[in-house]
Amino acid sequence: MQIQRDPSCVQFLLWRCVPEHPRESEESCSWIGRCLLHAGFVDQTRETWLLVYEDPRSHHQVVLVPRTGRIQIRVHYLVPIAQRPLVAFSLACQIADFLGESYPKAEQLR
Amino acid sequence: MTVQIKKEELFSVLPEHAFAFFADTPVVYHCHHYNLWLDQTIDDALGTREGMALRTRTAHEAFYHYLAQLVPRSGADTPAEKLKVAELIFAAMGHGNLRLHTQAQGGLATGDFLHYGYTWKEKYGEKVRRRHTADAVAAGCAVAATEIAFDLPMGTLDVAEETCVSLGAPQCRFQIEGAKQPMPPSRPVGKRETQRLLGDSFSGKHEEQIRAITTGLRSFLGTINSDERGLVQGFGVFVTLHLASYYNGISYNALYNIERTAPQSFDVMQGLLVEAGHQCGFNTFGGILRSPEWEGLVGAPTGDPLEILIGCCAIGRALGFGQWTIQDFAPDKHFVLRTPGTYESTYHVTRHGLASSGRCYLHQGGTLAAVQLAHRVPWREKPTFDQAFYRSLFHSDPQWRFQETHCVSKGDDYCEVAVERIRK
């Protein structure tokens, strides 16, 4: 799994996870969604074309696009800027676990 | 009693003209890039002192007319309830948390996470030292809300922002007191005035695709709510639902002030207003096109220029800029965008009468930006839309020229911008 700042990222809030092994987009999003629910995330999806899961304690979100398989991590704004990359990294590791992928490398956080 | 704002009852759209209204007041979505850039443009043109005075006065007037429509429909009865309605609606529009501790003779207002001051700090805080306060819009809302709450005529009170987060303060504070100078009366430019000027709508090329995306985007925008800060953060930008009268008021008053006092700079001022529109188009439209929301609704941009222009027309409509239609397009040659009206032209005719040339500066800059996005952005490389990227594209090599060939502001039946490739 790779992690990189999303092109629209401001202040280290938005991150993109890119799995190493390509999968069928819809199936993969559906699987990650189920795993997130199992991990205690809450489904906040309002449109079927954009799946949104939120951790009710930290309010970090994972956004999934079934059409393309895009995975976006949204770190909550209350996290101090310096800690945001680490929060994103930890969530990316969790998603990597769901997909059976190796963890992203820490140097990708820059 | 508990005050309630029923958003779905107060929000309305003229879908065939792509105009949006809240409590019968024209509203549009704009992001912090445009909001900050336009305010700075006004200050650059008039000087900081006069620019801030104009922006505050315009916000005061715009919010007074708006709240005069909104508050009676909210069920608020007492002054305290009316002030609460203003606070709630200000936050719901993505402008931040404003607290009004005011009486009929004035008092104090405080603000946390106010859109202008907070986003200025986020965008420029580490690089630029600011010397004046940033929240003319919050100031205008605070003073207008107090007047409405205590049934005072517009201009009875005046306001000054005393501290601002953009200057390093922990909170923004506003002092409201009796006005030393009267404010000239003005009539609102509302839904009725706007509708009166609108002719029949029309469609253009690729209408079905544009319409379908617009419907999806409108539906999605309707589900977005502000967060605990009273801010709306989406598509990689801070979004506001804003009063069209504010943008129009500051733009045209500054423009005509320049025409009176420094007529030789009139064209420069027009150019600056177009640049604000260009910033808006590039950052907001670009942000939306790169977002997961867009990818889910439409698909990731492939880089096909037509696909980007279709997307931009849908975005323009969903944001309330007007019924953007494609009249003509030849890749790498020309693009013609036509709309039965814009939120700029309907305001201009109502407030300033007919002009000798086009007056839709957001429309001009936005259309040019759409063409740039279509032709100059390597979408598959997923570029980061920051200031360095913007400068690298537009600093020295314009590549495209534009002209507003038709404008409701000069008596035409529609507004049209033609963009053409510069051949070297």
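Not measured: the values here are computed from a predicted model.

Turning our eyes to something else, we now look at the overall build of chain A. Secondary structure summary: chain A contains 2 helices and 6 strands in total. Listed N to C, the secondary structure of chain A is β-β-α-β-β-β-β-α in terms of helices and strands. For 110 residues, the compact-globule estimate of 2.2 N^0.38 gives 13 Å, and chain A sits close to it at 13 Å. Seen along its three principal axes, the alpha-carbon backbone of chain A occupies a region of about 35 × 30 × 25 Å.

Going through the model one piece at a time under the given rule, you end up with 26 aromatic pairs over all chains. A ring pair is formed by B:Tyr118 and B:Phe238, whose centres lie 5.9 Å apart and whose planes are at 85°; its orientation type is edge-to-face. Of this pair, B:Tyr118 sits in helix H5 (residues 115–124) while B:Phe238 sits in strand E9 (residues 237–243), and the two are 120 residues apart along the sequence. On the basis of relative accessibility, which here comes to 16%, the residue B:Tyr118 falls in the buried class. Here the aromatic rings of B:Phe282 and B:Phe389 are separated by 5.9 Å at their centres, their planes lie at 45°, and the arrangement is tilted. One end of the pair, B:Phe282, is in helix H10 (residues 266–290); the other, B:Phe389, is in helix H15 (residues 387–394), with 107 residues separating them in the sequence. Taken as a pair, B:Phe282 and B:Phe389 share a single burial class, namely buried. Put simply, the rings of B:Phe282, B:Trp379, B:Phe385, B:Phe389, B:Tyr390 and B:Phe394 pair up and form one aromatic cluster. Across from the ring centre of A:Phe12, 4.1 Å away, lies the NZ or CZ of A:Arg5, which sits over that ring. For B:Arg229, the ring lying beneath its charged end belongs to A:Tyr77, and the centroid distance is 3.4 Å.

Reading the values: the criteria
- Residues numbered from 1 in each chain as written.
- Chains lettered and ligands numbered in written order.
- Predicted model: local features only at pLDDT ≥ 70, side-chain atom pairs only at ≥ 80, totals over all residues.
- Heavy atoms only, no water.
- Helix = DSSP H or I, 4+ residues; strand = E, 2+ residues; numbered from the N terminus.
- Rg over C-alpha atoms; globule rule 2.2 N^0.38 Å.
- Phe/Tyr/Trp six-rings, centres within 6.5 Å; stacked < 30°, edge-to-face > 60°.
- Buried < 20%, exposed > 50% of the residue type's maximum accessible area, 1.4 Å probe, protein only.
- Lys NZ or Arg CZ within 6 Å of the ring centre and 35° of its normal.

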